[in-house]
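Coordinate analysis (summary)
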Amino acid sequence: MTAARRGIPSQGGAHGPDPRDRCEAVLLDLDGTLVLSEEVHRLAWQAFFDTWGVTVSDADYEQHYMGRRPSDVIAAVPGPWTGTDAAAVLSTMTAFTLEHAGSVKVVPGASALIQQLRVKYPLAVITSAGAPWAQHLLDKVLGVRHLVDVVITAEDTTAGKPSPEGYLRACAALRARPEHCLAFEDSPSGVRALAAAGVRDIVGITTTAAAADLTGAGARWTIPDLTSARLRTIRDALQARTAAGRSNEKENRA
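I will try to describe carefully the structure that is included in this document. (Residues numbered from 1 in each chain as written. Predicted model: local features only at pLDDT ≥ 70, side-chain atom pairs only at ≥ 80, totals over all residues. Heavy atoms only, no water.)

1. Description of the overall build of the protein chain
Condition: Only DSSP runs of H or I reaching four residues or more are called helices, and only runs of E reaching two or more are called strands; each is numbered from the N terminus. Three exposure classes are used, based on accessible area relative to the maximum for each residue type with a 1.4 Å probe and protein chains only: buried under 20%, partly exposed in between, and exposed over 50%. Residue contacts follow a heavy-atom distance rule, with two residues in contact if any of their heavy atoms lie within 4.5 Å. Only the protein chains shown count as cover for residues, and the accessible areas themselves come from Shrake-Rupley with a 1.4 Å probe.
Regarding its fold elements, the protein chain presents 10 helices and 9 strands. The 254 residues of the protein chain split such that 49% are buried. Here the analysis covers contacts within the protein chain between residues at least 6 apart in sequence; of these, 66% occur between residues at least 24 apart. Carbon together with sulfur atoms contributes 53% to the accessible area of the protein chain, which is approximately 11800 Å² in total.

Below is the structure:
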């Protein structure tokens with residue numbers, strides 16, 4: 001787990017998070033959410049499949065491989081690779097993805113959104129990818145590494161998505177309650193991880209999966225990219241809920 005040098009903004013002073021503030025932190029997936037890198041990962045997996053002489057359909061790939069840590073897949077998905085050294089596989093795939101990192105494009109609005117959010121909220125990026133890939137994307141491609149407080153990578157968890165472990169670790173590091181976080185994810189497995197962690201305000205980005213699959217996994221909203229006008233709707237909904245919470249608190253004190 002890595003953290004930026006700048007401190008995490010106060011969320012309510014010495015007594016901890018302000019109970020009236022309905023958003024304590026923002027959780028962000030990386031691949032597919034902030035950058036359009038799935039093609040690179042698909043090519044890396046295809047090179048792996050070719051090595052073993054295995055054919056995997058797009059449907060099977062989306063269900064069993066996409067958005068998951070290679071080490072988890074090697075251990076859980078039966079194949080001729082069963083029992084092989086997952087660390088060696090991960091090293092090979094990381095080298096492949098870094099070699100092809102030049103083809104990665106930024107999801108429209110991603111860098112600007114991070115800059116805007118960081119003014120008010122602490123940020124965490126949680127990814128199934130390894131630390132070298134995450135560092136490269138956040139620093140060289142997005143140019144926002146200095147704005148991200150916590151980065152959780154494959155090396156930081158014992159179980160990858162759809163396990164909630166990565167998101168729970170991020171919340172703990174940010175001192176934020178999962179149910180008071182806003183999150184962005186592009187894969188059903190990632191959305192399920194967020195839901196299992198207790199995050200309710202989940203935005204599904206439809207860069208790699210259909211809106212129906214994301215909402216079925218637990219996303220509250222879906223948008224095509226990070227410049228969508230729907231982001232205004234999401235912001236307004238969160239502000240309205242915060243205002244309602246403050247109103248209720250005043251009534252209870254009266």
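2. A short note on the pattern of salt bridges
Spelled out, the test is: Should a side-chain nitrogen of Lys or Arg be within 4 Å of a carboxyl oxygen of Asp or Glu, the pair is scored as a salt bridge.
Counted by the stated rule, this structure contains 9 salt bridges. In this structure, Glu24 engages Arg177 in a salt bridge whose closest nitrogen and oxygen atoms are separated by 2.2 Å. Taken together, the residues span a long stretch of sequence, with Glu24 in the loop between β1 (2–3) and β2 (25–28) and Arg177 in the loop between α7 (165–174) and β7 (181–185) at a distance of 153 residues. Take Glu24: its relative accessible area is 2%, and that puts it in the buried class.

3. Some words on the packing of aromatic side chains
Cut-off, in case you're wondering: Pairing of aromatic rings covers Phe, Tyr and Trp, the last through its six-membered ring, and needs centres within 6.5 Å; plane angles under 30 degrees mean stacked, over 60 mean edge-to-face, and all others mean tilted. For a ring to carry a charge above it, either NZ of a lysine or CZ of an arginine must fall within 6 Å of the ring centroid while also lying within 35 degrees of the normal to the ring plane.
A complete count under the given rule lists 9 aromatic pairs for this structure. With 5.1 Å between their ring centres and 80 degrees between their planes, Phe49 and Tyr65 make a pair best called edge-to-face. With Phe49 in helix α1 (residues 38–52) and Tyr65 in the loop between α2 (58–64) and α3 (70–76), this pair connects stretches of sequence that are 16 residues apart. Note on accessibility: Phe49 and Tyr65 belong to one class, buried. Take Phe49: its relative accessible area is 0%, and that puts it in the buried class. Taken together, Trp45, Phe48, Phe49, Trp52, Tyr61, Tyr65 and Trp81 form an aromatic cluster joined through their ring pairs. Over the ring of Tyr61 we find Arg42, and its NZ or CZ is 4.2 Å from the ring centre.

4. Considerations on the packing of α1 against helix α4 (residues 86–99)
Put simply, the test is: Fitted lines through C-alpha atoms serve as axes, helices being fitted only where they are in contact, and the angles separating the N-to-C directions of these axes extend from 0 to 180 degrees. The cut-offs work like this: below 35 degrees is roughly parallel, past 145 is roughly antiparallel, 65 to 115 is roughly perpendicular, and the gaps in between are oblique. By definition, turning the near helix anticlockwise from the far helix through less than a right angle yields a left-handed crossing, and turning it clockwise yields a right-handed one. Each residue is assigned to one class: nonpolar for Ala, Val, Leu, Ile, Met, Phe, Trp, Tyr, Cys and Pro, charged for Asp, Glu, Lys and Arg, and polar for all the others, Gly among them.
Where α1 contacts α4, the two axes come as close as 9 Å, and the packing angle between them is 135 degrees. Of the possible angle classes, the one that applies to α1 and α4 is oblique. Handedness of the crossing formed by α1 with α4: right-handed. Contact with α1, carried on its side by Val40, His41, Leu43, Ala44, Trp45, Ala47 and Phe48, involves Val89, Met93, Phe96 and Thr97 of α4 and no other residues of that element. By residue class, the composition of the contact of α1 with α4 is 9 nonpolar, 2 polar and no charged.

5. Some words on the environment of Arg175
Mapped onto the secondary structure, Arg175 falls in the loop between α7 and β7. The class for Arg175 is exposed, based on a relative accessible area of 61%. In this structure the C-alpha to C-alpha distance between Arg175 and Glu24, which are 151 residues apart in sequence, comes to 8.5 Å.

6. Details of the pairing of β7
The two faces of the sheet receive side chains in turn, since in a regular strand these alternate between them. Put simply, the rule reads: One requirement defines pairing of two strands: DSSP has to find at least two bridges between them.
Of all 5 residues making up β7, 5 are buried, and the element is well covered by its neighbours. Neither face of β7 is left uncovered, since the one carrying Cys181, Ala183 and Glu185 and the one carrying Leu182 and Phe184 both have all their residues buried. As judged from the 4 bridges shared by β2 and β7, these two strands associate in the parallel manner. Paired with Ala25 across the two strands is Cys181, which belongs to β7.

7. Some points on the side chain of Ser37
Looking at the element boundaries, Ser37 is found in the loop between β3 (35–36) and α1. Ser37 sits in the buried class, given a relative accessible area of 0%. Setting aside its immediate chain neighbours within four residues, Ser37 contacts Asp31, Gly32, Val104 and Trp133.

8. A short note on the side chain of Thr127
Heads up, the condition is: Polar contact criterion, stated in full: a pair of N or O atoms within 3.5 Å, where within protein one must be able to donate a hydrogen and the other to accept it, and residues adjacent in sequence count only if both atoms are side-chain atoms.
Of note, Thr127 is situated in the loop between β5 (123–126) and α6 (131–141). When its relative accessible area of 5% is taken as the criterion, Thr127 is described as buried. Within the local environment of Thr127, its side chain forms a polar contact with the backbone nitrogen of Ala129, the two atoms lying 3.0 Å apart. With sequence-adjacent residues up to four places away left out, Thr127 is seen in contact with Asp29, Leu30, Asp31, Ala134, Ile152, Thr153, Ala154 and Lys161.

9. As for α6
For the record, the criterion: This arc describes the spread of directions from the helix axis toward the C-beta atoms.
Residues of α6 that are buried: Trp133, Ala134, Leu137 and Leu138. Along the axis of α6, the buried residues cluster in a sector spanning 120 degrees; they form a single face. On its buried face, α6 is in contact with β3, α1, α4, β5 and β6 (150–152). Once α6 ends, the next one or two residues include Gly143, with phi positive near 70 degrees.

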